[in-house]
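Per-entry structural report
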Amino acid sequence: MVKIQEWVEDINERARTKLGTGRVADYIPALAEQDANKFGIAICTNEGEVYAAGDAQEPFSIQSISKVFLLTLSLRVYGNELWERVGLNPSGMPFNSLTQLEAERGKPRNPFINAGAIVVADRLVSAFATPSKHLRDVARKLSGNESILIDARVQESEWQHRSRNAAMAYLMKSFGNIDNDVDQVLHSYFSCCSLAMSCVDLAVALNYLAADGHAQAMGEPFIAPDLARKINSIMFTCGMYDAAGDFAYRVGLPAKSGVGGGIVAIVPGKLSVCAWSPALDENGNSVAAQYALELLAEEMVRQQLGH
Ligand code: GLU
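Values in this document were obtained by computation on a predicted structure and should not be read as measured data. (Residues numbered from 1 in each chain as written. Predicted model: local features only at pLDDT ≥ 70, side-chain atom pairs only at ≥ 80, totals over all residues. Heavy atoms only, no water.)

Points about the sheet that holds strand 9 (residues 255-257)
Using the following cut-off: Any two strands with at least two DSSP-identified bridges between them are counted as paired. Numbered from the N terminus, helices here are DSSP runs of H or I no shorter than four residues, and strands are runs of E no shorter than two. Lines fitted to C-alpha atoms define the axes, with helix axes restricted to the stretch in contact, and inter-axis angles between N-to-C directions lie between 0 and 180 degrees.
Taken in spatial order, the 5 strands of this open sheet run 3-2-11-10-9, and their pairing is antiparallel. If you trace the sheet from one side to the other, it starts and ends with strand 3 (50-54) and strand 9, each paired once. Sheet twist, expressed as the average angle between the axes of neighbouring strands with direction ignored, equals 10°. Pairing geometry for strand 2 (residues 40-45) and strand 3, over 5 bridges, is antiparallel. The residue of strand 3 that forms the bridge with Ala42 is Ala52.

Observations concerning the pattern of salt bridges
Put simply, the test is: When a carboxyl oxygen of Asp or Glu lies within 4 Å of a side-chain nitrogen of Lys or Arg, that pair is called a salt bridge. Exposure classes here rest on a 1.4 Å probe applied to the protein chains alone. A residue is buried below 20% of its type maximum, exposed above 50%, and partly exposed in between.
A full pass over the atoms with the stated rule returns 15 salt bridges. Two residues, Arg85 and Asp179, come together in a salt bridge whose shortest N-O distance is 3.0 Å. A residue pair is termed long-range when its members are at least 10 positions apart, and Arg85 in the loop between helix 3 (66-78) and helix 4 (99-103) and Asp179 in the loop between helix 8 (163-174) and helix 9 (182-193) qualify at 94 residues. Residue Asp179 is classed as partly exposed on the basis of its relative accessible area, which comes to 43%. The partner of Glu294 in a salt bridge is Arg250, with the nearest N and O atoms 2.7 Å apart. Taken together, the positions of Glu294 in helix 13 (residues 287-304) and Arg250 in helix 12 (residues 244-250) put the pair 44 residues apart, joining distant regions of the chain.

Digging into the site of the ligand
This is how the line gets drawn: In these notes, residues near a molecule or strand are those with any non-hydrogen atom within 4 Å of it. Contacts described as polar in this section are N or O atom pairs within 3.5 Å, which, within protein, must combine one atom able to donate a hydrogen with one able to accept it, while residues neighboring in sequence count only if both atoms come from side chains. For every accessible area listed, the method is Shrake-Rupley and the probe measures 1.4 Å; residues are considered covered only by the protein chains on display.
Residues in contact with the ligand amount to 13 residues; listed here are only the nearest, Tyr27, Gln63, Ser64, Glu158 and Tyr241. For the ligand, an oxygen atom lies 2.6 Å from a polar atom in the side chain of Tyr27. In this structure, an oxygen atom belonging to the ligand sits 2.8 Å away from a side-chain N or O atom of Tyr189. Its free accessible area being 290 Å², the ligand has 99% of it covered by the protein chains.

Focus: the pairing of strand 11 (residues 271-276)
In terms of residue burial, strand 11 counts as a mostly covered element, since 6 of its 6 residues are buried. In strand 11, alternate side chains face the same way, and those of Leu271, Val273 and Ala275 on one face and Ser272, Cys274 and Trp276 on the other are all buried. With 6 bridges connecting them, strand 2 and strand 11 associate as antiparallel partners. By the bridge assignment for strand 11, Cys44 is matched with Ser272. Pairing of strand 10 (residues 262-267) with strand 11 involves 6 bridges; the strand directions are antiparallel.

What about the packing of helix 8 against helix 9?
Operational definition: Reported orientations rely on four angle classes, namely roughly parallel under 35 degrees, roughly antiparallel over 145, roughly perpendicular from 65 to 115, and oblique for the rest. Here a crossing is taken to be left-handed if its near helix is turned anticlockwise relative to the far helix by less than a right angle, and right-handed if that turn runs clockwise. Every residue pair with non-hydrogen atoms within 4.5 Å of one another is taken to be in contact. In this classification, the charged set is Asp, Glu, Lys and Arg, the nonpolar set is Ala, Val, Leu, Ile, Met, Phe, Trp, Tyr, Cys and Pro, and all remaining amino acids, among them Gly, are polar.
The N-to-C vectors of helix 8 and helix 9 enclose an angle of 130°; their axes lie 10 Å apart at closest approach. Taken as axis vectors, helix 8 and helix 9 run oblique relative to one another. Regarding helix 8 and helix 9, the two cross each other, and that crossing is right-handed. Contacts from Asn165, Ala166, Ala169, Tyr170 and Lys173 of helix 8 reach helix 9 at Val182, Asp183, Leu186, Tyr189 and Phe190. The residue makeup of the contact of helix 8 with helix 9, split by class, is 7 nonpolar, 1 polar and 2 charged.

Points about the nonpolar core
What counts, and what does not: Within this scheme, the nonpolar core is defined by two criteria: the residues are buried Ala, Val, Leu, Ile, Met, Phe, Trp, Tyr or Cys, and they are joined through side-chain atoms within 4.5 Å.
Judged by nonpolar contacts, the single largest core of 70 residues is most densely connected at Phe69, Met197, Leu202, Leu206, Tyr208, Leu209 and Ile231. With 8 residues, the single largest contributor to this core is helix 5 (residues 114-127). Filtering out sequence-adjacent residues up to four positions away, Phe69 remains in contact with Ile62, Leu135, Leu142, Met197, Leu202, Ala205, Leu206 and Tyr208.

Things to note about the pairing of strand 2
Of all the 6 residues making up strand 2, 6 are buried; the element is thus mostly covered by neighbouring parts of the structure. The alternating pattern of strand 2 places Gly40, Ala42 and Cys44 on one face and Ile41, Ile43 and Thr45 on the opposite face, and all of these are buried.

Some words on helix 11 (residues 225-238)
Quick note on the threshold: Each residue after the first adds 1.5 Å to the expected span of a helix. Arc definition: directions from the helix axis to the C-beta atoms.
Here helix 11 spans 20 Å end to end across 14 residues, near enough to the 20 Å set by a 1.5 Å rise per residue. Considered for burial, the residues of helix 11 that qualify are Leu227, Ala228, Ile231, Asn232, Ile234, Met235 and Cys238. Angularly, the buried residues of helix 11 cover 160° about the axis, an arc narrow enough to put them on a single face.

Here it is in structure tokens:
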């Protein structure tokens, strides 16, 4: 559809007016080196067409977007048993908060805050010999891109600056909610966060959430339709850090963002989209990528109304 290509090109131009607003994440030093002037957007329709503009082919650090893959893989192995370890509600706290974890006896509010993803990573360490390689291979299959890599520099940088995540992991271990060795779990978690993928890779890879669990590049079902629906619901309520409510109001789509500046959003039954630009707002969400998704949502409403 020519129209969608026109949309992404128009969004690319308009979202770039936001460049210069926000700050690149620097609490992981390797991320601080990112060029704040990058912007890319890619859409993958459920028919398998891909539309892209700007820096959409450039790999970036997917960071917390990996929590969607972690959750999917873990639910495939453990099903509802997973919810004994991690909750399903928005946290109303920063993504790396320790206070709530202490008050709630080591059970994280949801799988998209750091503590929740660390618990999910622990589950995967119990299930797979090398969970991060498994996740990388799944990301390759889902995106149809065999060259996807874990960025060793980012991974090492996260490890060197792990104090807060390590504190959460040890706190959860003290409550019996981490089974494996904490260092091993953290290594797995950081490796997954350090996957480098482009907007095109992510839009294609996560299209299964738009397509009732059917994986575009694999040409086969990846998860059950009901599971796709449930993961979308968690993204809707918990995927945008502390700003999930603001984003739901502005955009109204299930989404997951990462401190690398990427945001993936899902239009169930229609398409998946990834926008990326490294500079973040005070909640840790990319300024330009959020704006791009807002523009897309507005455009889709206009189309539906036939304007
Ligand atoms: N690896 C990052 C951390 O653990 C992920 C944060 C994010 O993208 O939200 O802090």
